[in-house]
Amino acid sequence: MKIHYVTGLGALFVVAVHIMMRLIMPYELSLEYENVIANYHNIPYVILLESILVLIAIHGFNGLRVILLELRQSKAWEDGVTILTIAAMMGIVAYGTRTIIIANGLGFE
Amino acid sequence: MSEQIIEKIETLEKKRDREKKEKEHVKTSVVLKVFRANRSAGENPHFDSIEVPVQRWTTVLDALLHAKQYKDSSIGIRYSCRMASCGSCGMKINGIPRLACYTKVSELEGSTITVEPLANFPHLRDLVTDFTQFFAHHKEMKPYVRNDDSDMKQTDSLTEYVQSPEDLDRFLQFSYCIKCGLCYSACPTVATDTKFPGPQALSQAYRYFSDNRDTATKERMDIVDDKHGIWRCHFAGSCSSVCPKGVDPALGIQLLRGHLLGFSRNEKKIAEKQERLKRD
Amino acid sequence: MEKLSDRNNREGIKGWLNPSRYGWERVSYWLQRLTGVGLLAYFVAHIFETSSLTQGPDAWAAMLELTQTPLGHLILLLVIGMSTFHSVNGIRLIFTQGGKGLGNPGRPDYPYDAVSLNYRQKSGIWIALILAGVAMLYGASVLFGGE
């Protein structure tokens, strides 16, 4: 449970910073391709995005695991739920990291 | 000063009585919608509607016993003390787990009262449920004082355990549990998780944990610190809102979890440390 | 090993779905779960949405065309509300589940009001709901205000 609390508080902090960074310019402008790519070239921001990815993936999938564990109780179900949620968590982190790495290597148009 | 306090209490009591009377609905008769089914005979569940006369002080149990005595003697109910002490007559009354002997008909809205067996307990017949699993969870918590320092063989050295009123207050509330099962029936985790001990058992674990005569702290902590143990409580508070004795199981569970998480001071450890310091 | 008879008469997921019977704490339990699942779904969708960046400006523009619609903005507004409620209520729950802000055990007296279901807890839930509403209003002003 401690991991749920720690990742929750951590995620709250990094997501707050993420949203604030988005609000320094008008909403529509912040969505423009060049501006988004520029974010991915800013290393501290990249670290922030990766932290969001990891913290929310752990917090979210652990929460889902808890809900599913409470639904049914058998060894097969419990093992299956744990394996599937960990796999989904790792999959999402890997997929998000791929976006960050590729976007970081992209140039401006 | 004391007169002023007494006056204040009297005013508050009068206000409470007034509010209670306002809440009460004057009725001369109600229709009881009684859940009927005999599981072992494979009967399909259905509701029987029975009209019974009531007075201002009639409880749901009184109404059910009237129906059983004069209308349909086959209604299955479990009851004993009729005064909220034995915890036998727990049932769902208008969808909420309550003790039938502790719920007055006049407190309930409407002229139809629906009575069903407690949810989350295996159903046997009509309003009667099986408490085997519930009691098994209670037993799992080792609900008795265990003291490794006591030696019952050396009777010469036997002395009483000294407890201050403060020591007593730490667990007294939780020892008022009558094991009626209302909290177990109201808990949303118990509704799906058959391995979860439930609010009653967990609050009893805290009752012995906070008793300074007990030394089985680690053993009890190991029992509740399980995948389906104390961590499955999410403080929905339903257990405490239905408890008819003011046990407040949710409070006990959160306080116990506070100790497991290291958020709370461990009074026993502090006392032991002080004792050691005194000896040294 | 669980016995089949243990499941007999369990309320099941229906027990989660009716939050109004037991007061604000039960509503909070239900909302915390619902918003958590909703936010996880949004998180997965957001990762997928941003991955279109890797396919160049055209793919990004196509994705924006799909998501930056009135319906997309409404969903985003809901996400703002859900995340605010989940965060504020989550902080309250960390304290509560650690035994803080609940009151002390004592000698219960009739009518046996539970000390743990106190106004500190209830006001925490109300504050979370109010802040979620305020955040949604601010979000609406940004998303629909044409800034």
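None of the values given here were measured: they were computed from a predicted structure.

A. Representation of the interface of chain C and chain B. The interface of chain C with chain B comprises 34 residues on the first partner and 41 residues on the second. Of all elements in the fold, only α1 (4-7), α2 (14-17), α3 (24-51) and α5 (70-97) of chain C reach the threshold of two or more residues within the side of chain C that touches chain B. Class assignment of the residues belonging to the side of chain C that touches chain B gives a composition of twelve nonpolar, twelve polar and ten charged.

B. Seen up close, the domain arrangement of chain B. All names here are of chain B. What the domain assignment reports for chain B is domain 1 (2-129) and domain 2 (132-279). Centre-to-centre, using C-alpha coordinates, domain 1 lies 30 Å away from domain 2. Element by element, the count of residues in the side of domain 1 that touches domain 2 is highest for strand β4 (residues 96-99), at four residues. A per-class count over the side of domain 1 that touches domain 2 returns nine nonpolar, four polar and one charged.

C. How the structure looks around the interface of chain C and chain A. Taken together, the contact between chain C and chain A spans 22 residues of the former and 22 residues of the latter. Tallying contributions element by element places α3 of chain C first for the side of chain C that touches chain A, with ten residues. When its residues are assigned to classes, the side of chain C that touches chain A shows 13 nonpolar, six polar and three charged.

D. View of the packing of helix α6 (residues 198-209) of chain B against helix α9 (residues 249-261) of chain B. All names here are of chain B. Here α6 crosses α9 at 60°, and the two axes come no closer than 8 Å. Looking at the two axes, α6 sits oblique to α9. In terms of crossing hand, the pair formed by α6 and α9 is left-handed. Where α6 approaches α9, its residues Pro-199, Gln-200, Leu-202, Ser-203, Ala-205, Tyr-206, Arg-207 and Phe-209 are matched on the opposing element by Pro-249, Ala-250, Gly-252, Ile-253, Leu-255 and Leu-256. The residue inventory of the contact of α6 with α9, partitioned by class, reads ten nonpolar, three polar and one charged.

E. Region of the structure containing the sheet that holds strand β1 (residues 29-36) of chain B. Residues and elements named next belong to chain B. With mixed pairing, five strands are arranged side by side in an open sheet as β2-β1-β5-β3-β4. One side of each edge strand has no neighbouring strand; the edge strands of this open sheet are β2 (46-53) and β4. Going across the sheet, the axis of each strand differs from the next one's by a mean of 35°, ignoring polarity. In this structure, β1 lies alongside β2, joined through eight bridges in antiparallel fashion. Residue pairing in the sheet places Lys-33 in a bridge with Ser-49 of β2.

Rules and cut-offs
Residues numbered from 1 in each chain as written. Chains lettered and ligands numbered in written order. Predicted model: local features only at pLDDT ≥ 70, side-chain atom pairs only at ≥ 80, totals over all residues. Contact = placed C-beta atoms within 7 Å. Helix = DSSP H or I, 4+ residues; strand = E, 2+ residues; numbered from the N terminus. Nonpolar A, V, L, I, M, F, W, Y, C, P; charged D, E, K, R; others polar. Domains from an automatic or database assignment. Axes fitted to C-alpha atoms, helices over the stretch in contact; angles between N-to-C directions. Parallel < 35°, antiparallel > 145°, perpendicular 65-115°, else oblique. Left-handed = near helix turned anticlockwise from the far one by under 90°. Pairing = 2+ DSSP bridges.

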